[in-house]
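Residues per chain, in single letters:
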Amino acid sequence: MKNGQTLSDEVSKITDRFAELTGHQPDGVWEAPGRVNLIGEHTDYNGGLALPFAIERHTTIALRSLEQAELRCFSTDYPGWSLNPVSAIRPGAIDGWPAYVAGVFWALVDKGWEPHGLELLISSSVPSGSGLSSSAALTVSTAMSINDRFELGLGQDELVDIAHRAESEFVGAPVGRLDQTAIVGARASNALLIDFESHSISHVPLKIGPLVVVDTKVKHANVEGDYAQRRLECEQASNALGYASLRSATLEEVETRLSGTLQRRARHVVTENARVMSTVDALRSGTSVGDAIFASHRSLRDDFEVSCFELDAVVSVAERCGAIGARMVGGGFGGSAVVVGVEVELLQREIDSAFSKVAGVIPEAFEVKPSAGARRIG
Ligand code: GLA
């Protein structure tokens, strides 16, 4: 959904477009939000902690079952695609955005679903490559729509699994489970505390604000090599310490038993988990989150080395504007930052002025509200 649009506007719009493209009404309409991670970055694949929330930007899907064994995908923004027969769906056979849809199809069939012909239309207000989880919004909305339409009875964890397998095994982006878990489990007005070791979640009321996202417009995909490289380094660090994951490591062990790159990577993960807990404690007790969000950014910049010039510049501007906290979100190397506690107009003015002095695209700031997770809307 875009700002100012109601749910029924969104449903009518996609239903009308679906009818124009296919000549039929869809069987239903579903949406899955993008997410912002307040804190807890690059911790998910290390058995750590994260505190994301869903935003009011969505991927919407209208879907209809077909008699013939064909998968027909349409998008309001990109060229369509179709595959007949669906038995030809396998990793490596499909590129671009339809690979995420086909990946869900493949993961469901692998789980025992009797494949069925489908036509679907996707429309999204989650900017792609912006660190706001456009990929997981697409896989989760697809998985949820098929689960509901064919009454597969999959629960939240299984939907997360299917969406995650689509992205990691079918598309080949070696991501963790942060995005899918956030998008499936989010609740309006709350952040979601996720513990990736115990696989438990709890809701934390999110009363600080304003919450502003700044899209630097620097694109980066997790399918590129740097993300996999960071995962490998974290694995090497936990192996060197003799642990199954960095969740078990202490700061003292990291500082005395590791050195160089592995020490820096592990130090980020260990200190980031502590920052998540201190943020959760502050939110629950209504006290100040202190320096945790800024410290997370510094750690991602200096120890994990996944920031970039534009993200660092946005965080500096936010700091000058008196933000409660600001940091990059998502995989990094581009994408978005979250800024807490600065009015969006003031922040945009200061960004315009700072970025007009350097060449390049001006980042775009927009306010977000913690929103509901994926659901059927029509
Ligand atoms: C991307 C991945 C997530 C997570 C973040 C970093 O968004 O999809 O699994 O690893 O990067 O926290």
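Because the structure is predicted, anything quoted here is derived from the model rather than measured.

Quick notes on the rules
- Residues numbered from 1 in each chain as written.
- Predicted model: local features only at pLDDT ≥ 70, side-chain atom pairs only at ≥ 80, totals over all residues.
- Heavy atoms only, no water.
- Near = heavy atom within 4 Å.
- Polar contact = N/O pair within 3.5 Å; in protein donor to acceptor, adjacent residues only side chain to side chain.
- Areas by Shrake-Rupley, 256 points an atom, 1.4 Å probe, with all protein chains shown as cover.
- Domains from an automatic or database assignment.
- Contact = heavy atoms within 4.5 Å.
- Buried area = accessible area lost by both parts, 1.4 Å probe.
- Salt bridge = Lys/Arg side-chain N within 4 Å of Asp/Glu carboxyl O.
- Helix = DSSP H or I, 4+ residues; strand = E, 2+ residues; numbered from the N terminus.
- Nonpolar A, V, L, I, M, F, W, Y, C, P; charged D, E, K, R; others polar.
- Buried < 20%, exposed > 50% of the residue type's maximum accessible area, 1.4 Å probe, protein only.
- Disulfide = S-S within 2.5 Å.
- Phe/Tyr/Trp six-rings, centres within 6.5 Å; stacked < 30°, edge-to-face > 60°.
- Expected span 1.5 Å × (residues − 1).
- Arc of directions from axis to C-beta.

Asker: So what exactly am I meant to see when it comes to the site of the ligand here?
Answerer: Taken together, 13 residues lie around the ligand, and Glu 41, His 42, Asp 44, Asp 179 and Tyr 227 are the ones closest in. A distance of 2.6 Å separates an oxygen atom of the ligand from a polar side-chain atom of Glu 41. In this structure, Gly 331 approaches the ligand through a main-chain N or O atom, which is 3.2 Å from an oxygen atom. Protein contact buries 99% of the 300 Å² of open area that the ligand shows by itself. Both of domain 1 (7-205 + 371-376) and domain 2 (211-368) provide at least three residues apiece to the shell around the ligand.

Asker: How should the domain arrangement of the protein chain be read in this particular structure?
Answerer: Segmenting the protein chain into domains produces domain 1 (7-205 + 371-376) and domain 2 (211-368). Between domain 1 and domain 2, the C-alpha centre-to-centre distance is 25 Å. On the side of domain 2, 45 residues touch domain 1, which itself brings 39 residues to the contact. It is Ile 39, Glu 41 and His 42 in domain 1 that bury the most area against domain 2; as a group they hold 20% of the surface buried on that side. Seen at the junction of domain 1 and domain 2, the total is 2 salt bridges. A salt bridge links Asp 195 to Arg 247; its shortest N-O distance comes to 2.9 Å. The tally of links between domain 1 and domain 2 comes to 19 residue pairs in polar contact (both at pLDDT 80 or more). When residues of the side of domain 1 that touches domain 2 are traced back to their parent elements, those giving at least two are β1 (28-37), β2 (49-50), β3 (52-66), β7 (190-195) and β8 (200-205). For the side of domain 1 that touches domain 2, the element with the highest residue contribution is β8, accounting for 4 residues. Class assignment for the residues of the side of domain 1 that touches domain 2 results in 18 nonpolar, 15 polar and 6 charged.

Asker: Help me understand the environment of Phe 309 in this model?
Answerer: You can see Phe 309 is positioned in helix α10 (residues 309-320). A relative accessible area of 52% places Phe 309 in the exposed class. Considering only alpha carbons, one finds Phe 309 and Ile 293, 16 residues apart in sequence, at a separation of 18 Å.

Asker: Hey, could you run me through the state of the cysteines in this one?
Answerer: By definition, a disulfide is the covalent link that joins the sulfur atoms of two cysteine residues. Summed over all chains, the structure comprises 0 disulfides. Left without a disulfide partner, Cys 234 is nearest to the cysteine sulfur of Cys 308, which lies 19 Å away. Lacking any disulfide linkage, Cys 321 is separated from the closest cysteine sulfur, that of Cys 308, by 19 Å.

Asker: Would you mind going over the packing of aromatic side chains with me for this structure?
Answerer: Aromatic ring pairs: the centre-centre distance and the angle between the two ring planes describe each pair. In total, this model carries 4 aromatic pairs according to the counting rule given. Measuring from centroid to centroid gives 5.6 Å for Tyr 45 and Tyr 227, while their planes differ by 65°, and the two rings are edge-to-face. Of this pair, Tyr 45 sits in the loop between β1 and β2 while Tyr 227 is found in helix α6 (residues 225-241), placing the two residues 182 residues apart along the sequence. In this structure Tyr 45 comes out as buried when scored by relative accessible area, which is 14%. What makes Tyr 227 buried here is its relative accessible area of 6%. A ring pair is formed by Trp 113 and Phe 150, whose centres lie 5.4 Å apart and whose planes are at 55°; its orientation type is tilted. Linking Trp 113 in the loop between α2 (98-110) and β6 (117-124) with Phe 150 in the loop between α3 (134-149) and α4 (156-171), this pair joins segments that are 37 residues apart in sequence.

Asker: How should helix α1 (residues 7-22) be read in this particular structure?
Answerer: Because the α-helix completes a turn every 3.6 residues, residues three or four places apart line up on one side. Between the first and last C-alpha of α1 there are 22 Å, a value that for 16 residues agrees with the 22 Å anticipated at 1.5 Å per step. For α1, the full list of buried residues reads Glu 10, Val 11, Ile 14, Thr 15, Phe 18 and Thr 22. The buried residues of α1 occupy an angular sector of 120° when the element is viewed end-on, so they sit on one face. Residues of α1 that are exposed and point more than 90 degrees away from the buried face comprise Lys 13 and Glu 20. For α1, the secondary structure elements touched by its buried residues are β1, β3, β4 (71-75) and β6.

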